[in-house]
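# Structure at a glance
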Amino acid sequence: MSMKNTMPNLLNSLKTSHKLFFVGLIFIVIALGSLLFLVSQKSTSEPLKVSDNSHIETKEVISKKETSEVCLEQVFESHVTFNDNNEETGVPSEDTQKINHVNEEISESDLDGEIEGDVKDKAHILADKIICIDPGHQEVANFEQELIAPSSDQYKIKCSGGTQGIITGVPEYELNLQVALLLRSELENNGATVVLTREEAAVNISNIERAEIANNNESHIFVRLHADGSSNAAVNGISILVPSNKFIHDEQLLIDSNRAANCILERLTDVTGAKNNGIIERGDISGFNWSNVPVVLVEMGFMTNNDEDQLLNTPEYQEKIAVGIISGLEDYFKNVEE
Ligand SMILES: [Zn+2]
């Protein structure tokens, strides 16, 4: 047999078997397709509409389990933002305790472990925040003048000297910087981006320039750290200053500054046990009037009071102040994002 005769026969027979094979295959595909269609019709008739949950847009979907998602939404009352940061927080805030508690409940209710990990991720409300911290004053005061507000014709000195510890002798600018550096490191542990107006004592930065640092870095909030002084050594406690509407006409900035002050003051006085001297509106502070972002000035305590001066200069109390401010900022951002 020559190759010339066998090849066409083989091809013919193959073609026939191919035809049969394809007809069979089409039947199978049609049958499977119908079956899948019927199954999918049945499951989509259930009242679950994942894609319609537009309120979840800013958050990453917790899991495919709609029921657990709703449960978590209720627990957190939509306060918690969701992000990828998976680092452990250095600060045992009340919120992380709350979340741990929720985790326990979830494990008990027999949901899969994937959710537990995701819940921890949600704790980092500060992760996408830019926080500008201004450690008040500097080693040498600057008595040159600058405009109190863009729309004002009044002038004020560029940077005053601050107070000093009655017992410790520590100057305010030094205490402010110590707390600012601590605060920066703990905020960064929570994933925040922190901008300091100064990192050392020997600088020359006016109050307008400090506000401009907050503005130029598009900070979500500008936190200014100070300590108080009084001629009356008995006076003690924490207060927070916020801008008044004297020169600032951005209503939202004023509202947000007040909200932040409320949140921080509540947490701070709670953690430190210090006296709550309230929130004070001020129209005469250049570092407020030049700020385009919400701003608060924390008066951490009186350095002219024996007890408070000594407390303020211990690492333990400074840690409490940092924890109080961070917890307050977490409350504030949760509030703002509600
Ligand atoms: Zn001060």
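Computed from a prediction, not measured in an experiment: that's the story for all the values here. (Residues numbered from 1 in each chain as written. Predicted model: local features only at pLDDT ≥ 70, side-chain atom pairs only at ≥ 80, totals over all residues. Heavy atoms only, no water.)

### Digging into the coordination of the zinc ion
- Taken together, His 137 (NE2), Glu 172 (OE) and His 226 (ND1) make up the protein donors of the zinc ion, found 2.1 to 2.2 Å from the metal.
- Every donor residue of the zinc ion comes from the same chain, spaced as H-x34-E-x53-H. With His 137 in the loop between β1 (130-135) and β2 (142-147) and His 226 in strand β5 (residues 221-228), this residue pair connects regions lying 89 residues apart in the sequence. Each member of the pair, His 137 together with His 226, is buried. (Donors = N, O, S within 2.8 Å, 3.2 Å for Na, K, Ca; no water. Helix = DSSP H or I, 4+ residues; strand = E, 2+ residues; numbered from the N terminus. Buried < 20%, exposed > 50% of the residue type's maximum accessible area, 1.4 Å probe, protein only.)

### Some points on the packing of aromatic side chains
- Inspection of every chain in the model, using the stated rule, returns one aromatic pair.
- The interplanar angle of 55° and the centroid separation of 5.0 Å between the aromatic rings of Tyr 332 and Phe 333 together place this pair among those described as tilted. The residues Tyr 332 and Phe 333 share a single accessibility class, namely buried.
- Over the aromatic face of Phe 333 sits the side chain of Lys 129, whose NZ or CZ is 5.0 Å from the ring centroid. (Phe/Tyr/Trp six-rings, centres within 6.5 Å; stacked < 30°, edge-to-face > 60°. Lys NZ or Arg CZ within 6 Å of the ring centre and 35° of its normal.)

### Brief notes about helix α6 (residues 207-216)
- Taken together, the buried positions of α6 are occupied by Asn 207, Ile 208, Arg 210, Ala 211, Ala 214 and Asn 215. Along the axis of α6, the buried positions cluster into a sector of 160°, meaning they face one direction only.
- In this fold, the buried residues of α6 make contact with β1, β2, β3 (155-159), β5 and α8 (286-289).
- Here α6 starts with a cap whose side-chain oxygen sits 3.4 Å from the backbone nitrogen of Ile 208, and that cap is Ser 206.
- Positive phi appears at Glu 218, one or two residues downstream of α6, with a value of about 50°. (Arc of directions from axis to C-beta. Contact = heavy atoms within 4.5 Å. Polar contact = N/O pair within 3.5 Å; in protein donor to acceptor, adjacent residues only side chain to side chain.)

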